[in-house]
There are 2 protein chains.
Amino acid sequence: MSEAFSTGDIVAASCRGHPVEGIYITDRDGMAVVKLGSGYNIGVDPATCTLVRKNGGTAVPAPPAVEQDESLPGFAIISTGGTIASKIDYRTGAVTSQFTADDILRAIPGLSSIGRYRAEVLATILSENMTPAIWQDLARAIHAAIRGGARGVIVTHGTDTMAYSASAVSYMLDTPVPVVFVGSQRSADRPSSDNIMNAMCAAAAAGSDLGEVAVAMHATTNDDYCALHRGTRVRKMHTSRRDAFQSHDMAPIGRVDFPSLQVRLADGAVRRGASALALRDRLEERCGLLAFYPGMAAEIVRAYEGYRGLVIAGTGLGHISTGCIGAVRDLIDAGTTVVMTSQCLHGRVCDRVYDTGRDLLAAGVVEGEDMLPEAALTKLMWVLGNESDPEEVRRLMATDLKGEIVRRSAHGL
Amino acid sequence: MSEAFSTGDIVAASCRGHPVEGIYITDRDGMAVVKLGSGYNIGVDPATCTLVRKNGGTAVPAPPAVEQDESLPGFAIISTGGTIASKIDYRTGAVTSQFTADDILRAIPGLSSIGRYRAEVLATILSENMTPAIWQDLARAIHAAIRGGARGVIVTHGTDTMAYSASAVSYMLDTPVPVVFVGSQRSADRPSSDNIMNAMCAAAAAGSDLGEVAVAMHATTNDDYCALHRGTRVRKMHTSRRDAFQSHDMAPIGRVDFPSLQVRLADGAVRRGASALALRDRLEERCGLLAFYPGMAAEIVRAYEGYRGLVIAGTGLGHISTGCIGAVRDLIDAGTTVVMTSQCLHGRVCDRVYDTGRDLLAAGVVEGEDMLPEAALTKLMWVLGNESDPEEVRRLMATDLKGEIVRRSAHGL
């Protein structure tokens, strides 16, 4: 029974049949939380825990305080939570996401040599709890920071939904300076943590010649460089690898070498100052994303009745079963804008080749070109938040606004 | 107006603002179907069509008849429809999926040098219209063909949902011989069609030492070899490229070089004869797949009330928002088995690291290990079709049955 343990005790336990050993941290939600040698905190069945030895009291020393160099360029750091913003409780070894202004500078002293920072805690959430309302707050906070003179903005964010947020902000904000989302796949107390390199590269990118919304994350499994991905073309493609983020159907818009912090931008990257600062922060929240699967009942489509927008991740070139098309037609007839994307993730939708596609077009579905489903969802929220004329909505969804549509051709696919 | 055109006329038209020219084929669903020089048949607005010149009457000559060599090994070809099974109407140039027994041999004469074939038309559908009931028919037809002495089975299938079908058949059938799914990303009348090479490689694989369900498709954009993918680990990752199919988190189980048709199997590929023939063809159809997105309303989860199984494609390590967890708990309390996978597609789910994950485990969610969402959905249908004890269902979902789980470790992630 874990009631018998104190924080810091070394315990042995069983996790899905495998023996594990680590530091007992606390009980939560009926599980004993144990820190493994790998740095991971995992939950195990308390009934399987046995004491190895009592807490030896070897607390981690607190890091030194930091000072900021006022002669360096000024950046804003806006924190939303997630692993990169988590800090270690030096008493217990637990990872929490209580983040105060100086914490990230204490955790990553190297940042102080790149710039000076104003830090703002916008949220302290796991990014699966991100919402369109917080995206709006985030766009407003970034806008205010840029208007306040920030040379670049760094947004720390949980990796789970960072691509959705970067995409949403891309539509809401025209930015003359870099807006760099950054996260961490492994928390700071893990030997393989990516938080320091990612944050340093993000700061370097924030000072670069970039003028758009980007995601900065490890590009390889080595600590050699971060890729800069366009906010509307990036996706998290691995649950745990540090190089999980990938640009889709285009090369990254830049890279930041480590540890040199040299930034190289691709020819197609939007440059600093190319856009004037502007904020259009309305979003229609009543939008959904539906991934089709064989045998899907039409009733699942009908769950989106009353929604203003629906993005479908269809199969192949953008298909759903004939049996579901009627329900889609009903949604459209009732005023829902329905946009087709592909669960293939790569390549372009074309509903003009096969019968089911033509039936979808006849029902009024908008082809989502080669947009990622995530980028199409956030775009649809933005378009419907700003435009009520159905034809103009269709036109905007088919128009490249922030690099979300890479390729347009009538018949080359 | 397209009423003015006859099949075979050359017409000019506009497709999404781009000028196109091609052969008028027919009117369908309010669109004029026009064959472009690329081979694609696309739908255009009839109002934009103008006549370039009347049908010149240059019909494509019919191909010669084929004879089968009775001294060669006997294979079964089971056709379900899709682009590879489509044939050209030699009068109109249109692509249809009316497929008769000899059509594929006529279209691909090279097959006759590899084996002799019994062809069966199981369905003539676009694969987005595939259903669990047809998967069951397909497993039964394959089982019957093997019992009838087929040295290997080739299943021609639309590419859209081929990975779902290959996975479903993997669970229903223990096979001592190769069962090779094959499709075509581009129809036979396109200069870049992949139908001949894919079919030839599939036939070679069907005669090989393989003893499991596989997908054979172009491995590169060249016509140099096909990859053989395990049926439970493959996914279509591009809407139109010929090398769209990719094994996930494992190397392909083999390759077939072209044109030599030499087959090389990976060490981990299951070998011919390793399994005895067995059919367990029950599936629980009342299962769904739900891809989470930020801001998803709990009502979307509730659309699956009454379902026996639900696979969630969560974010990252397997998360959904805190606000949706109550609805998931309600489903589980009402008897639905809920399995968590990741929309990252690569890597392994672990719900023991973050709070939302632990809340999901406390609600009774089953971690889907590193299964692809598609493989988890078809597996859940099979497990629930064959097992009613909830604990045994959980155990089977966490057990590797047909290679769908690559990696199991308690804490290595």
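Residues numbered from 1 in each chain as written. Chains lettered and ligands numbered in written order. Predicted model: local features only at pLDDT ≥ 70, side-chain atom pairs only at ≥ 80, totals over all residues. Heavy atoms only, no water.

### Concerning the overall build of chain A
For chain A, the helix and strand inventory stands at nine helices and 23 strands. Its C-alpha radius of gyration of 23 Å places chain A within 12% of the 22 Å reference for a compact globule of 413 residues. The C-alpha extent of chain A, read off along each of the three principal axes, is 70 × 55 × 35 Å. When each of the 413 residues of chain A is scored for burial, the buried share is 61%. If you take every contact in chain A between residues at least 6 apart in sequence, the share linking residues at least 24 apart comes to 69%. Treating the 40 positive side-chain charges of chain A as one cloud and the 47 negative ones as another, the clouds have centres 3 Å apart. (Helix = DSSP H or I, 4+ residues; strand = E, 2+ residues; numbered from the N terminus. Rg over C-alpha atoms; globule rule 2.2 N^0.38 Å. Buried < 20%, exposed > 50% of the residue type's maximum accessible area, 1.4 Å probe, protein only. Contact = heavy atoms within 4.5 Å. Lys, Arg positive; Asp, Glu negative; His and termini not counted. Charge placed at Lys NZ, Arg CZ, Asp CG, Glu CD.)

### So, helix 3 (residues 162-172) of chain A
Taking burial as the measure, the 11 residues of helix 3 of chain A include 11 buried ones, the bulk of the element. Burial in helix 3 of chain A covers these residues: Met162, Ala163, Tyr164, Ser165, Ala166, Ser167, Ala168, Val169, Ser170, Tyr171 and Met172 of chain A.

### Considering the relation of the copies chain A and chain B
Rotating chain A by 180° and translating it 0.0 Å along the rotation axis places it on chain B, where the RMSD comes to 0.0 Å. Both copies of the chain, as the preceding transformation shows, are related through a two-fold rotation axis. A high fraction, 100%, of the interface residues of chain A reappear at the interface in chain B, so the copies pair face to face through one surface. (Least-squares fit on C-alpha atoms with pLDDT ≥ 70 in both.)

### Quick word on the pairing of strand 13 (residues 213-218) of chain A
Residue and element names in this part refer to chain A. Counting buried residues in strand 13 gives six out of six residues, a clear majority hidden from the surface. Across four bridges, strand 12 (residues 179-182) lies against strand 13 in parallel orientation. In the strand pairing of strand 13, valine 180 is matched with alanine 214. Read as a crossover between parallel neighbours, the route from strand 12 over helix 4 (residues 195-206) to strand 13 is left-handed. Where strand 13 meets strand 14 (residues 225-230), five bridges bridge the pair, whose relative direction is antiparallel. By the bridge assignment, histidine 218 is partnered in strand 14 with cysteine 226. Hairpin connection between strand 13 and strand 14: a loop of six residues separates the two successive antiparallel strands. (Pairing = 2+ DSSP bridges. Right-handed = clockwise from strand over helix to strand, strands pointing away.)

### Examining unusual backbone geometry
For the bond from phenylalanine 258 of chain A to proline 259 of chain A, the omega torsion is 10°, close enough to zero to count as cis. Among the structural elements, proline 259 of chain A can be located in the loop between strand 17 (254-257) and strand 18 (263-265). Positive phi, normally seen in glycine, also occurs at glutamate 369 of chain B, with a value near 50°. Relative to the assigned elements, glutamate 369 of chain B resides in the loop between strand 23 (366-367) and helix 8 (373-386).

### Details of the side chain of histidine 346 of chain B
With respect to the secondary-structure elements, histidine 346 of chain B resides in the loop between strand 22 (337-342) and helix 7 (355-363). A polar contact of 2.8 Å, which involves the side chain of histidine 346 of chain B, links it to the side chain of aspartate 249 of chain B. Among all residues touching histidine 346 of chain B, those that are not within four sequence positions of it are Met237, His238 and Thr239 of chain A together with His248 and Asp249 of chain B. (Polar contact = N/O pair within 3.5 Å; in protein donor to acceptor, adjacent residues only side chain to side chain.)

### Overview of the nonpolar core
By size, the foremost hydrophobic cluster in this structure holds 111 residues, and its most contacted members are Tyr293, Tyr304, Ile320 and Val328 of chain A together with Tyr293, Ile320 and Val328 of chain B. The next biggest cluster of nonpolar side chains, apart from the first, holds 31 residues, and it includes Leu111, Ala199, Ala202 and Ala206 of chain B. (Core = buried A, V, L, I, M, F, W, Y, C linked by side-chain atoms within 4.5 Å.)

### Considerations on helix 2 (residues 132-147) of chain A
Residues and elements named next belong to chain A. Here helix 2 is 16 residues long and its end C-alpha atoms lie 22 Å apart, about the 22 Å a rise of 1.5 Å per residue gives. Taken residue by residue, helix 2 has Pro132, Ile134, Trp135, Gln136, Leu138, Ala139, Ala141, Ile142, His143, Ala145 and Ile146 as its buried positions. Looking one or two places after helix 2, you find glycine 149, whose phi comes out positive at around 105°. (Expected span 1.5 Å × (residues − 1).)

### Re the interface of chain A and chain B
By a widely used convention, the size of an interface equals the accessible area lost when the partners come together. In this assembly, 79 residues from chain A lie in contact with 79 residues from chain B. Both faces considered, chain A and chain B share a buried interface measuring about 6,900 Å² in area, 54% of it formed by carbon and sulfur atoms. The largest per-residue losses of area from chain A upon contact with chain B belong to Arg16, Thr239 and Pro294 of chain A, which jointly make up 12% of the total buried on that side. One can count two salt bridges joining chain A with chain B. A salt bridge links glutamate 299 of chain B to arginine 286 of chain A, with the nearest nitrogen and oxygen atoms 3.1 Å apart. Here chain A is connected to chain B by 23 residue pairs in polar contact (both at pLDDT 80 or more). (Buried area = accessible area lost by both parts, 1.4 Å probe. Salt bridge = Lys/Arg side-chain N within 4 Å of Asp/Glu carboxyl O.)

### With respect to the domain arrangement of chain A
Residues and elements named next belong to chain A. Per the domain assignment, the segments making up chain A are domain 1 (9-53), domain 2 (74-279) and domain 3 (287-398). Between domain 2 and domain 3 lies a buried interface of about 1,300 Å² when both sides are counted; carbon and sulfur atoms form 63% of it. The interface formed by domain 2 and domain 3 includes two salt bridges. Two residues, glutamate 374 and arginine 235, come together in a salt bridge whose shortest N-O distance is 2.6 Å. (Domains from an automatic or database assignment.)

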